[in-house]
Amino acid sequence: MTQSLTIRRPDDWHLHLRDDAMLQAVLPETARHFARAIIMPNLVPPVVTGAQAAAYRDRILANLPEGMSFEPLMTLYLTEDTDARDVAAARDSGLVKAVKLYPAGATTNSASGVQDFDKVRGVLEKMAEIGLPLCVHGEVTDADIDIFDREAVFIDRVLDPIRKATPGLRVVMEHITTANGVDYVKANDTDLGATITAHHLIINRNHILVGGIKPHYYCLPVAKREDHRLALLAAATSGDARFFLGTDSAPHTDPNKESACGCAGCFTATNCMSLVAEMFERENALDKLEGFTSLNGPAFYRLPVNEDTITLTKGAPATYPDKIDTGDGPVTVFDPGFPLHWRVA
């Protein structure tokens with residue numbers, strides 16, 4: 001049985017770092033293992049211009065502990081007022097690697113998102129022209145659509161029409177949670193990829209609700225039925241280059257999670273590689289781990305793979321802190337509910 005595995009240093013293609021005290025506390029948890037990450041722009045206020053993205057990048061790098069190597073890959077938050085020229089300039093400068101689409105109200109800090117997709121058509125056409133990827137939070141927010149159906153409806157009502165109306169637009173379906181999402185990616189050979197989180201490989205909706213509400217398993221998109229989890233696991237471990245790791249690691253303080261209206265998000269930055277390695281071993285797919293975590297994402301984003309490596313070893317159960325202390329309050333680290341025997345050496 002494999003006891004040691006060396007792979008190219010991984011990247012995280014969907015990460016929340018927040019800002020200020022939270023940024024300072026959680027950044028080392030990612031930079032310890034990951035070389036680069038696509039940084040989510042849903043701050044308050046959101047990162048909507050190239051200048052704001054540059055300032056946020058500088059704050060991230062200013063908080064990087066000495067001796068750590070990490071490259072933030074910046075994104076812009078798409079609004080109905082986004083300027084296509086600013087997007088193109090930010091891309092041409094090398095600063096911005098993608099634009100993020102949040103349907104208004106879909107998740108944390110998404111109130112500035114898009115309601116009328118006709119108003120962003122010009123931006124999308126410019127992005128297709130210059131090859132800049134669109135990262136989508138794939139859920140509709142219509143009140144009459146069940147929360148467990150919002151991803152599937154988004155594909156039919158929003159995503160597929162956008163892609164048909166904008167040939168050449170490169171799209172990442174972020175944190176897919178359904179077999180519908182897996183099937184849609186598989187049915188499209190070009191210009192489409194998808195990220196899958198560590199926690200969606202592990203939990204289904206029963207983990208959130210059975211035996212009492214588990215707020216630290218609540219995330220958006222919400223975990224679905226077990227058959228959807230199995231579809232995600234099969235896609236991640238298949239070797240298909242269209243699927244790659246995006247953790248959606250999303251720190252919220254315990255009081256904000258454990259409340260009458262708790263925030264959505266699972267914080268997995270601390271133990272993510274252990275989580276993913278454990279699940280890949282269960283599927284007899286450790287030979288596919290490097291592709292999912294280190295190769296497929298750079299290929300989609302047209303970036304070089306990392307030259308340095310990490311080594312994972314298997315042994316006695318790894319120990320991780322239950323919580324990360326931050327200046328804003330404690331943040332609970334995701335607990336898979338089973339021992340993690342793989343760790344980064």
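Residues numbered from 1 in each chain as written. Predicted model: local features only at pLDDT ≥ 70, side-chain atom pairs only at ≥ 80, totals over all residues. Heavy atoms only, no water.

On to the pairing of strand β4 (residues 71-77), then. Most of β4 sits out of view: six of its seven residues are buried. Relative to β4, strand β3 (residues 36-39) runs parallel, the two sharing three bridges. Residue pairing in the sheet places I38 in a bridge with L73 of β4. Since β3 and β4 lie parallel, the crossover through helix α2 (residues 50-62) that links them has a hand, and here it is right-handed. In this sheet, strand β5 (residues 96-101) lies alongside β4 in parallel orientation, the contact comprising four bridges. Looking at β5, one finds that T75 is bridged to A98. With helix α3 (residues 84-92) bridging β4 and the parallel β5, this β-α-β connection has right-handed handedness. (Buried < 20%, exposed > 50% of the residue type's maximum accessible area, 1.4 Å probe, protein only. Helix = DSSP H or I, 4+ residues; strand = E, 2+ residues; numbered from the N terminus. Pairing = 2+ DSSP bridges. Right-handed = clockwise from strand over helix to strand, strands pointing away.)

The geometry of helix α6 (residues 179-186) relative to helix α8 (residues 226-236) is characterised by a closest axis approach of 8 Å and an angle of 35° between their N-to-C directions. On the side of α6, the interface is formed by A179, N180 and V182, while α8 contributes H228, A231, L232 and A235. By residue class, the composition of the contact of α6 with α8 is five nonpolar, two polar and no charged. (Axes fitted to C-alpha atoms, helices over the stretch in contact; angles between N-to-C directions. Contact = heavy atoms within 4.5 Å. Nonpolar A, V, L, I, M, F, W, Y, C, P; charged D, E, K, R; others polar.)

The next point concerns the packing of aromatic side chains. Enumeration according to the criterion identifies six aromatic pairs in this entry. Here Y77 and Y102 contribute two aromatic rings whose centre-to-centre distance is 5.2 Å and whose plane-to-plane angle is 35°, an arrangement assigned as tilted. Placement of the pair is Y77 in strand β4 and Y102 in the loop between β5 and α4 (121-130), with a sequence separation of 25 residues. A relative accessible area of 1% places Y102 in the buried class. Ring geometry for F300 and Y301: centres 5.8 Å apart, planes at 75°, overall edge-to-face. Each of the two residues, F300 as well as Y301, counts as buried. Here the aromatic residues W13, F244, F300 and Y301 are joined through ring pairs into a cluster of three or more. The ring centre of F300 lies 4.6 Å from the NZ or CZ of R170, which sits over that ring. In this structure, R282 is placed above the aromatic ring of F338, and the distance from its NZ or CZ to the ring centre is 4.0 Å. (Phe/Tyr/Trp six-rings, centres within 6.5 Å; stacked < 30°, edge-to-face > 60°. Lys NZ or Arg CZ within 6 Å of the ring centre and 35° of its normal.)

Before going further, it helps to spend a moment on the environment of P221. Tracing the backbone through its elements, the reader meets P221 in the loop between α7 (205-209) and α8. Judged by its relative accessible area of 1%, P221 falls in the buried class. A C-alpha to C-alpha distance of 24 Å links P221 and G329, two positions 108 residues apart in sequence.

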